[in-house]
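Tertiary structure, described
The chain contents come next:
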Amino acid sequence: MAEYVVEFGKDGRPVGPDGRLDAPAFHRNHQAIRAVLQRFLAGKSGDVIEAGSGTGQHVVDFARHIPEVTWWPSDLNDQHLKSIVAWRTHAQLSNIRPPLRIDLSDLAWCSEMRDDRGPGELLAVFCANVIHIAPWRVAEGLFAGAGRYLRADGRLFLYGPFKRGGKHTAVSNAVFDASLREGNAEWGVRDIEALERLAAGAGLVLVEMVEMPSNNLILVFERTKTT
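Since the structure is predicted, the reported quantities are computational estimates derived from the model, not experimental observations.

Time to look at the sheet that holds strand S10 (residues 216-223). Sheet strands associate in pairs through backbone hydrogen bonding, adopting either a parallel or an antiparallel arrangement. Read from one edge of the open sheet, 7 strands run S3-S2-S1-S4-S5-S10-S9, paired in mixed fashion. Edge strands, defined here as strands with exactly one partner in the open sheet, are strand S3 (100-101) and strand S9 (204-212). In terms of strand pairing, strand S4 (residues 122-128) meets strand S5 (residues 150-160) through 6 bridges, oriented parallel. Note that in S5 the partner of Val-125 across the bridge is Leu-156. Those strands touched by helix H2 (residues 57-65) are strand S1 (46-50), strand S2 (69-75) and S4, and its axis lies near 180° from that of S2. Sitting on the sheet, helix H4 (residues 136-149) touches S4, S5, S9 and S10, and the angle it makes with S5 is about 155°.

In this section: the packing of aromatic side chains. What the rule picks out here adds up to 5 aromatic pairs. Consider the rings of Phe-40 and Phe-157, whose centres lie 5.7 Å apart with planes at 50°: the pair is tilted. Residue Phe-40 is located in helix H1 (residues 24-41), and its partner Phe-157 is located in strand S5; the two are separated by 117 residues in the primary sequence. Summarising the burial analysis for this pair, Phe-40 and Phe-157 share the class buried. Aromatic pair Trp-109 and Tyr-149: ring centres 5.5 Å apart, planes at 55°, arrangement tilted.

Positive phi outside glycine occurs at Gln-92, with the angle close to 55°. When you line up the elements, Gln-92 lands in the loop between helix H3 (78-91) and S3. Here Gln-92 falls in the exposed class, since its relative accessible area comes to 63%. A positive phi is found at Ser-214, a non-glycine position, where the angle reads about 60°. Within the secondary structure, Ser-214 sits in the loop between S9 and S10.

The element S1 is extensively covered by neighbouring structure, given that 4 of its 5 residues are classed as buried. Across 5 bridges, S1 lies against S2 in parallel orientation. Bridge pairing links Glu-50 to Pro-73 in S2. Between the parallel elements S1 and S2, the chain passes through H2 in a crossover that is right-handed.

When pLDDT is averaged across the chain, the result is 93; 93% of the residues are at 70 or more. Note that pLDDT drops below 50 for residues 1-5; the model gives that stretch 24 contacts with residues more than four away or on any other chain.

Turning our attention to the pattern of salt bridges. Think of it this way: side chains of opposite charge can pair up when their charged atoms draw near. Overall, the coordinates contain 12 salt bridges when judged by the stated rule. With a shortest N-O distance of 2.8 Å, Asp-61 and Arg-34 are connected by a salt bridge. Residue Asp-61 is located in helix H2, and its partner Arg-34 is located in helix H1; the two are separated by 27 residues in the primary sequence. Here Asp-61 and Arg-34 have matching classes, each one buried. Taking the shortest distance from any N to any O, the salt bridge between Arg-101 and Asp-78 comes out at 2.7 Å.

In space, the 3 strands of this open sheet follow the order S7-S6-S8, with mixed pairing throughout. For this open sheet the edge positions go to strand S7 (167-168) and strand S8 (190-191), each flanked by a neighbour on one side alone.

This part is about the nonpolar core. Core analysis: the biggest nonpolar cluster contains 36 residues, and Trp-109, Leu-142, Phe-143 and Leu-158 have the highest contact counts within it. Of all the elements in the fold, those that place two or more residues in this core are S4, H4, S5, helix H6 (192-201), S9 and S10. Beyond its immediate sequence surroundings of up to four residues, Leu-158 is in contact with Cys-127, Ile-131, Leu-142, Phe-143, Leu-195, Leu-217, Ile-218, Leu-219 and Phe-221. Core analysis: the second largest hydrophobic core is formed by 26 residues, Ile-66, Val-69, Trp-87 and Ile-218 among them.

Rules and cut-offs
- Residues numbered from 1 in each chain as written.
- Predicted model: local features only at pLDDT ≥ 70, side-chain atom pairs only at ≥ 80, totals over all residues.
- Heavy atoms only, no water.
- Pairing = 2+ DSSP bridges.
- Helix = DSSP H or I, 4+ residues; strand = E, 2+ residues; numbered from the N terminus.
- Contact = heavy atoms within 4.5 Å.
- Axes fitted to C-alpha atoms, helices over the stretch in contact; angles between N-to-C directions.
- Phe/Tyr/Trp six-rings, centres within 6.5 Å; stacked < 30°, edge-to-face > 60°.
- Buried < 20%, exposed > 50% of the residue type's maximum accessible area, 1.4 Å probe, protein only.
- Right-handed = clockwise from strand over helix to strand, strands pointing away.
- pLDDT = per-residue confidence, 0-100.
- Salt bridge = Lys/Arg side-chain N within 4 Å of Asp/Glu carboxyl O.
- Core = buried A, V, L, I, M, F, W, Y, C linked by side-chain atoms within 4.5 Å.

Printed below as a string of structure tokens:
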């Protein structure tokens, strides 16, 4: 089951005096997620965007343990952006850039991606627990942007609960999906096959599915090989 469905800072948990937010899910899943990313990123350098950074805790953990990579957090929510800034200030890591305000429903993402203020071609995009708590157009924009900005050897890592062949992988995910759709008809746990079709339209292909704790997966996409 995915770990949160409400805006961080409005979930009853305390907010730090400097604006840092704390996501319980981070403490449960960060090591498992980092291990998957490290398999690909080890020994590489370049720019990585976290699309929908939430509190900012994941990007700090990644930056601390994968220092050769330059990390670009992002979000659209003002409270989250403040928390990301606060975590970046607290961590004092030179390989974390200021957060980008990215609207994933905009196929271009943000103006910084089109000028010298943002990253260059991306080594990777990481996105956790976003597309099921957002309209489908956010998934469309995520894949379109990844297809546009990933470098030739880049990868998109997508973490969360997913359906396979239109069916849930666990009863808890089915219950979670029903609660999402009851609250917002545009939300819901996404089907892997539907995401593969989005990926194909963006020049990407699913190359790996990694089983994760709590009935989650990481889907790994790379550029379609041309002959």
